[in-house]
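Summary of structural features
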Amino acid sequence: MVLKVFFPSCCSSAESGILIGRWISEQNSAVILAVVHFPFIPVQVKQYLSEVQRVTKVSVSVLGSWSNSKQEKEESLSEFLEDLGTIFSHEPWIQISKEGDSKFWSCSTLQKQSNNPKEEEIILVYYDQRKVMLSHLHPPLATATSTDHKADDASKLSAVFDTVAKSKILFMTDRYDDGPIKLTHWQSDGVEASIIVELMKQASVPACMLLTFLLSLISGICRSRVLKFWPLSFLWSKLSTCEQLGHRLQHLQVISSNKKAQNQTQLMRKANIFVSLLIDVALGILLMSWLYRKNRIGHLADTLIPVADHVAEELQDLLQWLMGAPAGLKMNRALDQVLGRFFLYHIHLWISYIHLMSPFIEMILWYVGLSACLGLTVALCILSDIIALLTFHIYCFYVYGARLYCLKIYGLSSLWRLFRGKKWNVLRQRVDSCSYDLDQLFIGTLLFTILLFLLPTTALYYLVFTLLRLLVVIVQGLIHLLVDLIDSLPLYSIILRLCRSYRLAAGVKFRVLEQQDGKPLRLLMQVNPLSYGSVIQTYRLPTYSCYPKDSWTSLCKKLFLGELIYPWKHKGEKQD
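Let me begin by describing the structure that accompanies this report. Since this is a predicted model, take the numbers as computed values, not measurements.

Their axes nearest at 7 Å, the elements helix α12 (residues 392-419) and helix α13 (residues 438-488) cross at an angle of 150°. On the basis of the axis angle, α12 is roughly antiparallel to α13. Seen from above, α12 lies across α13 with left-handed handedness. Among the residues making up the contact of α12 with α13, the classes are represented as 24 nonpolar, seven polar and two charged.

This is how it looks when you write it as structure tokens:
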């Protein structure tokens, strides 16, 4: 039987005394938490341990004795340490001793109540108490075939980590306290604290109360019936700026909530949201300061109108090219002229609208630039909405072309079923056989011929405007990808992994310190940090938008049939 003793490295230079910790019988291991120095009264030690056990819910007890003799080992001290086992009565009684400046340690066990005592093999494992207490052990990801074995090892390690983490109250006493019991642990030279952190904790209480009041007021306004009327509800559901503001409002409610985090996951989620908001607002303020410096908004407004005119001229040239003989193709001239003039008239209306709004563009951009103080993501969403408004004529062209092309495709497919003596059953959603008379076949042939010869002209316009629409969708998709990256990236966890990697533990690794016959095997337990990919996968924040679930096959099918392609789908929306 192998006995594993987890000994804190901070106690290696402690004075002689007794070892207190937790005995884990399932693993036949002992987790040493602290050393109680001489002199002490056993009754007071038992009362102190019962109080610690009541608060921490950890079965802390006296596990053995510790001897750190600077000189030759005295027999009286050895007998006294053995007699302590009868007072505290723990089975087995662990005796660890360090002789002078020697690097060799001796570790033995006493089993007085056993009739046939067996000599156990002892493994002495050193661990950094501070790192183990502050770290959070993550379960292994279920990606390998040996998941059960890894989970079993993780449960054994979690018992050690939980024992140290839950015994935090034991480490709040240092050598400067006037209590009857003197302990040695990782904070025995002084409790670790930060004045800045304590001041921030005190200042956060009134700030959270004020923020909670403001958020409740804003939430009440958002839930009012005024926003449920048709124009406002339509704008709130379609504009990405409104969606992002609602998403950030939920984040602020999570941060300002007075509910204490129940576990490590909730605590990390709050910290990630706070850091994400902080960096988002900081980047937004930097963008705002850059925009308002050197009259960049005025230059941007002066550039916007010529760019819009240039885009309109390019579209007019494209339509003139389509109204001729594009790429040497012979088009239906009558339909080509009708479609070309129809789209040219829309471009004329769009240019008139832009020039009508030109005196107010600089003022609009000036007020829009102020929204960057709400965060870079809000500014990016406003940019996406501005692109959608500026390219609204392209969207209209795409919708007109797609609907006309879709009508002809479905008309041709229906007439093709007519030639085969079949029809589409709307009630049963299937194709059934049907008999047609001569007049129906004659009219169907005429309509099929007309639609078939008009299809190339419509398909060309549809192809051109679909490519333009896809270009706008790609630009908006890249902006939304950047917004999602800022919203979902767990920045606090990444910074914690970079600066204090032991806080996010994926497991442990052991290094052999000493291995000699007749001496216990001495190992050093080191925290193995979580990889950056696992950190992002574990603590990634949810976002309000999600990627289209259509596969490439479904997307190509929609493009071929002329169904509308939307750039971004929000959760809860009905998919086409």
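In the contact formed by helix α7 (residues 240-255) and α13, the axes pass within 13 Å of each other and the chain directions differ by 5°. On the basis of the axis angle, α7 is roughly parallel to α13. Contact residues: S240, Q244, H247 and R248 in α7; H480, V483, I486 and D487 in α13.

Mapped onto the elements of the fold, T241 is located in helix α7. A polar contact is formed between the side chain of T241 and the backbone oxygen of C381, at a distance of 3.4 Å. Dropping the residues within four chain positions of it, T241 is found in contact with V378, C381, I382 and D385.

Turning our eyes to something else, we now look at the pattern of salt bridges. If the charged atoms of two oppositely charged side chains come close together, the side chains can form a pair. Enumeration over the complete set of coordinates arrives at four salt bridges. Residue R248 is joined to D280 by a salt bridge in which the shortest nitrogen-to-oxygen separation is 3.1 Å. Of this pair, R248 sits in helix α7 while D280 sits in helix α8 (residues 264-291), and the two are 32 residues apart along the sequence. Since its relative accessible area comes to 6%, R248 is described here as buried. One salt bridge connects R248 with D487, and the closest N-O pair in it is separated by 2.9 Å. With R248 in helix α7 and D487 in helix α13, this residue pair connects regions lying 239 residues apart in the sequence. The exposure classification of R248 matches that of D487, with both residues buried. Residues joined in a network through salt bridges with shared partners are R248, D280 and D487.

In this structure the tally under the stated criterion is 15 aromatic pairs. Look at W366 and Y367: their rings are 5.2 Å apart centre to centre, the planes differ by 85°, and that puts the pair in the edge-to-face class. Grouping aromatic residues by their ring pairs yields a cluster made of F342, F343, F397, Y400, Y461 and F465. Over the aromatic face of Y532 sits the side chain of R497, whose NZ or CZ is 4.5 Å from the ring centroid.

Reading guide: rules and limits
Residues numbered from 1 in each chain as written. Predicted model: local features only at pLDDT ≥ 70, side-chain atom pairs only at ≥ 80, totals over all residues. Heavy atoms only, no water. Axes fitted to C-alpha atoms, helices over the stretch in contact; angles between N-to-C directions. Helix = DSSP H or I, 4+ residues; strand = E, 2+ residues; numbered from the N terminus. Parallel < 35°, antiparallel > 145°, perpendicular 65-115°, else oblique. Left-handed = near helix turned anticlockwise from the far one by under 90°. Nonpolar A, V, L, I, M, F, W, Y, C, P; charged D, E, K, R; others polar. Contact = heavy atoms within 4.5 Å. Polar contact = N/O pair within 3.5 Å; in protein donor to acceptor, adjacent residues only side chain to side chain. Salt bridge = Lys/Arg side-chain N within 4 Å of Asp/Glu carboxyl O. Buried < 20%, exposed > 50% of the residue type's maximum accessible area, 1.4 Å probe, protein only. Phe/Tyr/Trp six-rings, centres within 6.5 Å; stacked < 30°, edge-to-face > 60°. Lys NZ or Arg CZ within 6 Å of the ring centre and 35° of its normal.

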